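Reading the structure
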Amino acid sequence: MGSAFDDEDYILDLENASEDTEVEVVGIDDVEYTIIGKLQGFYYLINMEDPDDFLIMKEDGEELVSISDENDFEKALWLYRTELKKVRGEE
């Protein structure tokens, strides 16, 4: 993977993002997903053409893989929710 995957944790607030906000896009199964966050090894991706198409993946070496463990999935959702509240000043 490229160097962007080595960056620190972050999350984008898409509701408040400007058109100038830089994002990274990855192709998965012929669909382009925008990486809207990275928290503790979990990646949050959205298909900007279909906002209902949202993926949570994790690092496995130099690849992103789907989360199959329920505990990992719950942790990833909790991290995202908590961090988004911080970004929006709700916490």
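A quick note: this is a predicted structure, and the numbers were derived from the prediction, not measured.

**Observations regarding the nonpolar core**
The biggest cluster of nonpolar side chains holds 12 residues, and these are I11, I36, L39, F42, Y44, I46, I56, I67, A76, L79, Y80 and L84. At the level of elements, β3 (31–39), β4 (42–47) and α1 (70–87) are the ones that each hand at least two residues to this core. A per-element tally of this core places α1 first, with 4 residues. With 7 residues, the next largest nonpolar core counts V26, I35, Y43 and L64 among its residues.

**Quick notes on the pairing of strand β2 (residues 24–28)**
Of the strand pairs in this sheet, β2 and β3 are connected by 5 bridges, and their pairing is antiparallel. Bridging across to β3, E24 finds its partner in I35.

Rules used in this analysis
Residues numbered from 1 in each chain as written. Predicted model: local features only at pLDDT ≥ 70, side-chain atom pairs only at ≥ 80, totals over all residues. Heavy atoms only, no water. Core = buried A, V, L, I, M, F, W, Y, C linked by side-chain atoms within 4.5 Å. Buried < 20%, exposed > 50% of the residue type's maximum accessible area, 1.4 Å probe, protein only. Helix = DSSP H or I, 4+ residues; strand = E, 2+ residues; numbered from the N terminus. Pairing = 2+ DSSP bridges.

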